[in-house]
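Here is how the chains run, residue by residue.
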Amino acid sequence: MDEDGTSAEREVTLKEVFSFWYRRYALQQSERTFVVLTLLAVIVIGYFIDNKLAFINFFYLPVFFAAYLMNSRMAVLGSVFSMLVVFLYAVIAPDQFLQAPSRWNLFFHLLAWGCFLLLTAALVGRLHDEVNERYSKSTSLVVELQDKQREMEKLQEKLVANNETLDQKSRTIEALK
């Protein structure tokens, strides 16, 4: 409630909604999300893309996400899973992966490779920026904690000196009695 008695409603942005969903669902269910995205990618590449070999590089992206969101073990397992799914698809439909060599296929393959290279660079660069930001934050917190510790040590020295002074005064008072 505001000062005038009316209830204040805060406008929720799309970024906040996505951030909430990301924290609540995607991070908690990251393994399932990884498996579902990999399977969806295989389906989309399998049915809608003619040059499947060029899009094999796509599977780098979910593996990078798995390494970032989960851990290296899950990223390796995700890589193995991606390899198995693609190998299974290649065994079931090898004709889908074979294409006649032509300049057009070569240029398309190089274009797809370049696009995935750019996406990988952007993703790894973003992760690098986040790591640097966290490192800078941690470093500044360490410096702040060290400053606080020095300040506390000085205060402790003063406290010890004041205690000694009080003890001495207390002994003097006791001696005067």
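A. Inspection of empty space enclosed by the protein at higher detail. With the rule as written, the count across this model stands at 1 cavity of 30 Å³ or more. Its volume calculated, the largest cavity comes out at about 80 Å³. Of the residues that constitute the lining of the largest cavity, the class distribution is 9 nonpolar, 1 polar and 1 charged.

B. Highlighting the packing of helix α3 (residues 60-69) against helix α5 (residues 103-176). Interaxial distance between α3 and α5 falls to 10 Å at its minimum, and their mutual angle equals 10°. The orientation of α3 relative to α5 falls into the category roughly parallel. The two elements α3 and α5 meet at a crossing, and its hand is right-handed. Here Leu61, Phe64, Phe65 and Tyr68 of α3 come into contact with α5, specifically with Phe116, Leu119, Thr120, Leu123, Val124, Leu127, Glu130 and Arg134.

C. Representation of the layout of surface pockets in the model. Volume-wise, the second largest pocket comes out at about 260 Å³. If you trace the second largest pocket, you find it lined by Ile56, Asn57, Phe59, Tyr60, Val63, Ser79, Ser82, Met83, Val86, Phe87 and Phe97. Listing elements by their share of the lining of the second largest pocket, those giving two or more residues are α3 and α4 (72-92). A total of 5 residues in the lining of the second largest pocket trace back to one element, the largest contributor, which is α4. Within the lining of the second largest pocket, the residues separate by chemical class into 8 nonpolar, 3 polar and no charged.

D. Broad picture of the confidence of the model for the protein. The pLDDT averaged across the protein works out to 80; a share of 90% of its residues lies at or above 70. Ranking the elements of the protein by mean pLDDT puts helix α1 (residues 14-26) last, at 72, and α5 first, at 88.

E. Structural context of the pattern of salt bridges. Following the criterion strictly, the structure yields 2 salt bridges and no others. One salt bridge in this structure joins Glu130 and Arg126, with 3.5 Å as the shortest N-O distance. Within this pair, Glu130 and its partner Arg126 are both found in helix α5, separated by 4 residues, close to a single helical turn. Accessibility expressed as a relative area gives 52% for Arg126, which makes it exposed. For Asp147, the salt bridge goes to Arg150, with nearest N and O atoms at 2.6 Å. Here Asp147 pairs with Arg150, and both are found in helix α5, just 3 residues apart, close to one helical turn. Exposure remark for Arg150: the relative accessible area of 45% places this residue in the partly exposed category.

The rules we used
- Residues numbered from 1 in each chain as written.
- Predicted model: local features only at pLDDT ≥ 70, side-chain atom pairs only at ≥ 80, totals over all residues.
- Heavy atoms only, no water.
- 1 Å grid on protein atoms, 1.4 Å probe; cavity = no way out; pocket = protein on both sides within 12 Å on 5 of 7 lines; lining within 4 Å.
- Points joined across faces, edges and corners; volume = space filled by probe spheres on them.
- Nonpolar A, V, L, I, M, F, W, Y, C, P; charged D, E, K, R; others polar.
- Axes fitted to C-alpha atoms, helices over the stretch in contact; angles between N-to-C directions.
- Helix = DSSP H or I, 4+ residues; strand = E, 2+ residues; numbered from the N terminus.
- Parallel < 35°, antiparallel > 145°, perpendicular 65-115°, else oblique.
- Left-handed = near helix turned anticlockwise from the far one by under 90°.
- Contact = heavy atoms within 4.5 Å.
- pLDDT = per-residue confidence, 0-100.
- Salt bridge = Lys/Arg side-chain N within 4 Å of Asp/Glu carboxyl O.
- Buried < 20%, exposed > 50% of the residue type's maximum accessible area, 1.4 Å probe, protein only.

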